[in-house]
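Each chain is listed here by its residues.
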Amino acid sequence: MAVPILQELIEKGEEEDACIELLSNILEVLYKAQKHGAGEERHKDRGDTELVKVKKHIQLILERLLHTVNRRVIILDRENTLRSHYVACMAAILSQMDKDHYSSYIKAFPSRPELMDFLMETFILFKDLIGKMVYPSDWMVMNMVQNREFLRAINQFAATLTEMFLSNSSFELQLWNNYFHLAVAFLTQDSLQLENFSQAKRNSILAKYGDMRATIGAAIRDMWYNLGHHKIEFIPSMVGPILEMTLVPELELRKSTIPIFFDMMLCEYQLTESFSRFEDEILRKLDSEVEGGRGDEQYKQLFESILLSCCQRHPELAKPGENFVALVTGLLERLLDYRAVMNDENKTYSMSCTVNLLNFYKEIDRQAMYIRYLYKLKDLHVSYENYTEGAYTLLLHARLLKWSDEANTAPMQGLHSPSLHTQRQLKEALYNQIIDYFDQGKMWEEAIHICKELAEQYESEVFDYEMLSDILQREAKFYEKILKVLRPSPDYFAVGYYGQGFPPFLRNKVFIYRGKEYERREDFEMQLLSPFPNAEQLKSTSPPGQDITGSLGQYIQCFTVQPVEEAKVRFKDRSIPEQITNFYKANHVQKFSYSRPFKKGPKDPDNEFATMWIERTTFITAYPLPGILRWFAVTSTTTTIISPLENAIETMMKTNEKIMSEINRHQNDPSLPINPLSMLLNGIVDPAVMGGFAKYETAFFQESYLQEHPEDEGNIEKLKDLIAWQIPLLAEGIRIHGRKVTEDLRPFHERMEQCFMQLRAKVESQYGVREMVCFEDRRSGRPRSMAWGPDWDRLSHAGDRQVLAPPTPKPAPRTSESEDRRNERKENRSSTFFGYRRQDLRQSISELPEPKEEKRRLSRNMTESSLGSSEGKQPLPSRDTTGAQPSTAGLSLSPTGFGGRVKSASKAPPLPRKISPTVYETFLEQSDA
């Protein structure tokens, strides 16, 4: 009588506390009676009779209350305290059921649909209770008892599936699908992952309950193979759950379940002659599973060995199977590297692993995953204020889109994406974000390129002139920033990670890093070493030997390298502002060099330059910097030896460049402090400070050196030419210094002038006179830097020059009024010479005349200049009548690229054989008669 009443009350939800208590007491009595009956050995007949009665009572409870209790558990909220009591009653009922109870219970269903509904409901209920545990995780006994009874019930219902729902006429796809998902959820639940428990707790569970994962894993495997030709209906939907199961870190379970993957491959291949659906799904699921913490090196090795072994037994799958295994293991390796560093405080290596992954997905044409990792990388960059790298990263996505109204096919990322339905809308939004990032990263040249592309769309495609106006104004501001905002050039560092203790993506590799603004190498090295506290920093800059690279330790090598600028054709032989050219010296660079000095040959204690050789190592990176990372791996390395003479030429070249740079800086900004210019000039003109270039003369200009090294004759002439060209640069620098020097430093300046006078007289008497031509923009008064002409290593050979005489001036032709107006407009676009001529060696440099507006101008247009006089054109009128404009024969371009005039010395120096196009850009001052 009690059971029907309980059923009625529970279904109505009335007196539930009392119902639960009564049901619990009944189940407890039946449990004790069952144990007592089983223990009656002396009175076997009486014991059997008792067991029969107990089984009947259990059968009654099973038929009337199991389904009712299940329904009540489903209906009650998770927060309801009664729910856990009902679950305990359900587990108690299941624990007292044997095979006969299950069999009779299944047969009791009046129809097949009702049985199927019960199984579906039970599978869903069990999965819900497993995924969202009713009892606290530290209630080990309750959770393990529940799992034990659920496992028994799942296996009993699995037998029912095989018997009643597998044939062609009775197969139920959804029911089988629910079974597999329930079984996998049971196997992967946290309370069964024994490796996460202490050894004592693990031993206790194994002794009392065993490893239930192995039992359910074997059942899943058997049920899969029982499916027969129905397997194809579970591909690719079951790939994810099976993968999740195989990733459980239990060796025997992995060995028994990984072969299911090959069975899936074979099944799809036999029907379609490919397994592309299976491959796509496993790659997609593997990404999320490994990122979530599953998988390890052992799994990668097992997956590779088991599947390769299976493929080799089927010739038709040998090659495609081998390719697939290589693909998956490659992805696994990258995902494991990514997971190992993704939670580090230093995100440097997370960025590297992210790039490895997105490059992998790009290579295998998985665009959705590629874009997913692009945005992961972008977010990392922005969090570290790497705005330039963030912009380049977003640009990769933008380049995948078209300027069209086609719908977006790839999943969109970012907060702005849901409202952007066409590729044009998304690309425009990305471009505006990229422009903002480039602006924040001071990469205005790159922002201008994006602005131009947007402007073309607004002007020619969508005819949105309002947006065109906005983007052109932004572009104009970027041009202004290029010229007016200070941009310090970043330092670059070569970093080598040596030793087997590093992860594979770093091990025994060299990278070039792009430093941040004003970042010191010491600070950079501290950041490098922080993720590897046990790493040892190598003091030498030479490549380490096998004892280092093969050791189990960690060794980091770091030193500064110099970017090697690629020749810009559009800048060649042209006068370009320094603010423009400086950008390309440190950006868009893929080649870097490191110079290590060493001594060779007999030592000269009085002159170290004679034996100062240079070992120059050149590194080439995989991609130009800056890019989507602040560093890239070195792909090739070359080493060259620079002789002492070649080293001297390079040093002189750099010194001349530095002087020119300082001149341009002070011309551009008169408010700059004078101290750097003072130190630079004094270090060159005062022999007591640096020794000047007298050491070079002693080392290389002696007759004995030329006899020993006849092949260096051209380089010797080149060095002399560089020394001679340094004089007009120093003259202009000292003139600026004299104009800006304070009275306190006037004696210092006068001392420097005296030294320069002596130096100038000596150099011009030995190597000839050079007259430097410099420029300033007439509209703004902004100095313009000299552009280097031919390759600097082109030599000036003796005998190639000639002593020139000034040409006879020609009268200027009369021009019409309209021509005068045109000439005036052209003059407004021209440049003026800001230099001066030395009138007398004894005259003080600081007293020389300032540049004047009436100095003769020359149009940039070659056809309107005096350079075209050979074609019948007349030169412009000269400034005065004491001299005339020199002809092209009187102009020289040194190997350094400076345009100007060369005059004879007491010992006539050689002159260039050829006139450079740079001459056409210059405005020359009158030469002396």
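Remember, predicted model here, so these are calculated numbers, not experimental data.

Undergrad: How should the nonpolar core be read in this particular structure?
TA: Side chains of nonpolar character tend, in soluble globular proteins, to be buried together. Ranked by internal contacts, the top residues of the largest apolar core, which has 194 residues, are Phe261 and Tyr497. It is helix α16 (residues 315-341) that contributes the most residues to this core, 11 residues altogether. Setting aside anything within four residues of it in sequence, one finds Phe261 in contact with Val239, Ile242, Leu243, Thr246, Phe278, Ile282, Tyr299, Phe303 and Leu307. One finds Met652, Ile663, Ile684 and Leu719 within the second-largest nonpolar core, a separate group that totals 36 residues.

Undergrad: When you look at the environment of Arg399 in this model, what are you seeing that I'm missing?
TA: By the secondary structure assignment, Arg399 is in the loop between α19 (387-398) and α20 (423-440). Between the C-alpha atoms of Arg399 and Lys427, which are 28 residues apart in sequence, the distance is 8.2 Å. Ignoring any residue separated from it by four or fewer positions in sequence, one finds Arg399 in contact with Tyr431, Ile450 and Glu453. Here the side chain of Arg399 touches Tyr431 through a polar contact of 2.6 Å, side chain to side chain.

Undergrad: I'm lost on a negative patch on the surface in this one. Help?
TA: A contiguous patch of negative charge, built from Glu14, Glu15, Asp17 and Glu21, is present on the exposed surface. Summarising the element assignment, Glu14 is placed in the loop between α1 (2-12) and α2 (16-38).

Undergrad: Explain the packing of helix α8 (residues 173-188) against helix α11 (residues 239-246) here, please?
TA: Between two packed helices, the angle of one axis relative to the other and the distance separating the axes together describe the packing. Contact geometry for α8 and α11: axes closest at 9 Å, N-to-C directions at 25°. With respect to each other, α8 and α11 are oriented roughly parallel. Considering the relative orientation of α8 and α11, their crossing is left-handed. Across from His181, Val184, Leu187 and Thr188 in α8, the residues of α11 making contact are Pro241, Glu244 and Met245.

Undergrad: What exactly am I supposed to notice about the pairing of strand β4 (residues 555-563) here?
TA: Side-chain direction in a regular strand flips from residue to residue, so the side chains alternate between the two faces of the sheet. Relative to β4, strand β1 (residues 492-498) runs antiparallel, the two sharing seven bridges. Residue pairing across strands places Gly496 opposite Gln557, the latter belonging to β4.

Undergrad: Honestly, the side chain of Gln193 in this entry has me stumped. Any pointers?
TA: Along the chain, Gln193 falls in the loop between α8 and α9 (199-208). Separated by 2.7 Å, the side chain of Gln193 and the backbone oxygen of Gln189 make a polar contact. Contacts of Gln193, omitting those with residues within four sequence positions, involve Leu187, Thr188, Arg213 and Val248.

Undergrad: Teacher, can you tell me more about the pattern of salt bridges here?
TA: Working definition: two side chains of opposite charge can pair if their charged atoms are close together. Per the stated rule, a full pass over the model turns up 48 salt bridges. Between Glu475 and Lys452 there is a salt bridge; the shortest N-O distance is 3.0 Å. With Glu475 in helix α22 (residues 465-484) and Lys452 in helix α21 (residues 444-461), the pair connects residues that are 23 residues apart, well separated along the chain. Look at the salt bridges and you will find they share partners, linking Asp287, Glu291, Arg372 and Lys376 into a network.

Undergrad: It is not clear to me how helix α32 (residues 746-767) should be interpreted in this structure. Could you clarify?
TA: For the α-helix, the turn length of 3.6 residues means that residues three or four positions removed from each other point alike. Relative to the 32 Å expected for 22 residues at 1.5 Å per residue, α32 spans 30 Å between its end C-alpha atoms, a close match to the ideal helical length. Turning to α32, its buried residues are Arg746, His749, Met752, Glu753, Cys755, Phe756, Met757, Leu759, Arg760, Val763, Glu764 and Tyr767. Among the residues trailing α32, Gly768 stands out with phi positive, at a value near 90°.

Undergrad: Explain the pairing of β1 to me, please; I cannot follow it from the model alone.
TA: Where burial is concerned, most of β1 is hidden: seven out of the seven residues are buried. Alternating positions in β1 separate into two faces, Tyr492, Ala494, Gly496 and Tyr498 on one and Phe493, Val495 and Tyr497 on the other, with burial throughout. Two elements, β1 and strand β2 (residues 509-514), share six bridges in a ladder whose sense is antiparallel. Note on β2: the bridge partner recorded for Gly496 is Val510.

Undergrad: Got a minute to help me understand helix α5 (residues 99-107) in this structure?
TA: Burial in α5 covers these residues: His101, Tyr102, Tyr105 and Ile106. Considered in projection along α5, the buried side chains sweep an arc of 125° and stay on one side of the axis. Away from the buried face of α5 by more than 90 degrees, exposed residues Lys99, Asp100 and Lys107 are located.

Undergrad: Can you help me understand unusual backbone geometry in this one?
TA: Most peptide bonds take the trans configuration, and most residues that are not glycine carry a negative phi. Following Ile235, the chain continues into Pro236 via a peptide bond in cis, with omega recorded as 15°. Take Pro236: it is sitting in the loop between α10 (212-226) and α11. Pro626 follows Leu625 through a cis peptide bond whose omega is 0°. Tracing the chain through its elements places Pro626 in the loop between β6 (612-625) and β7 (631-642). One non-glycine residue, Asp365, lies in the positive phi region at around 60°. Note on placement: Asp365 falls in the loop between α17 (348-363) and α18 (367-383). If you check the backbone angles, Lys442 has positive phi at about 60° while not being a glycine.

The rules behind each value
- Residues numbered from 1 in each chain as written.
- Predicted model: local features only at pLDDT ≥ 70, side-chain atom pairs only at ≥ 80, totals over all residues.
- Heavy atoms only, no water.
- Core = buried A, V, L, I, M, F, W, Y, C linked by side-chain atoms within 4.5 Å.
- Buried < 20%, exposed > 50% of the residue type's maximum accessible area, 1.4 Å probe, protein only.
- Helix = DSSP H or I, 4+ residues; strand = E, 2+ residues; numbered from the N terminus.
- Contact = heavy atoms within 4.5 Å.
- Polar contact = N/O pair within 3.5 Å; in protein donor to acceptor, adjacent residues only side chain to side chain.
- Patch = residues over 30% accessible without salt bridge, like charges linked within 9 Å, V, L, I, M, F, W, Y side chains within 5 Å.
- Areas by Shrake-Rupley, 256 points an atom, 1.4 Å probe, with all protein chains shown as cover.
- Salt bridge = Lys/Arg side-chain N within 4 Å of Asp/Glu carboxyl O.
- Lys, Arg positive; Asp, Glu negative; His and termini not counted.
- Charge placed at Lys NZ, Arg CZ, Asp CG, Glu CD.
- Axes fitted to C-alpha atoms, helices over the stretch in contact; angles between N-to-C directions.
- Parallel < 35°, antiparallel > 145°, perpendicular 65-115°, else oblique.
- Left-handed = near helix turned anticlockwise from the far one by under 90°.
- Pairing = 2+ DSSP bridges.
- Expected span 1.5 Å × (residues − 1).
- Arc of directions from axis to C-beta.

The values are spatial; any link to function lies outside them.
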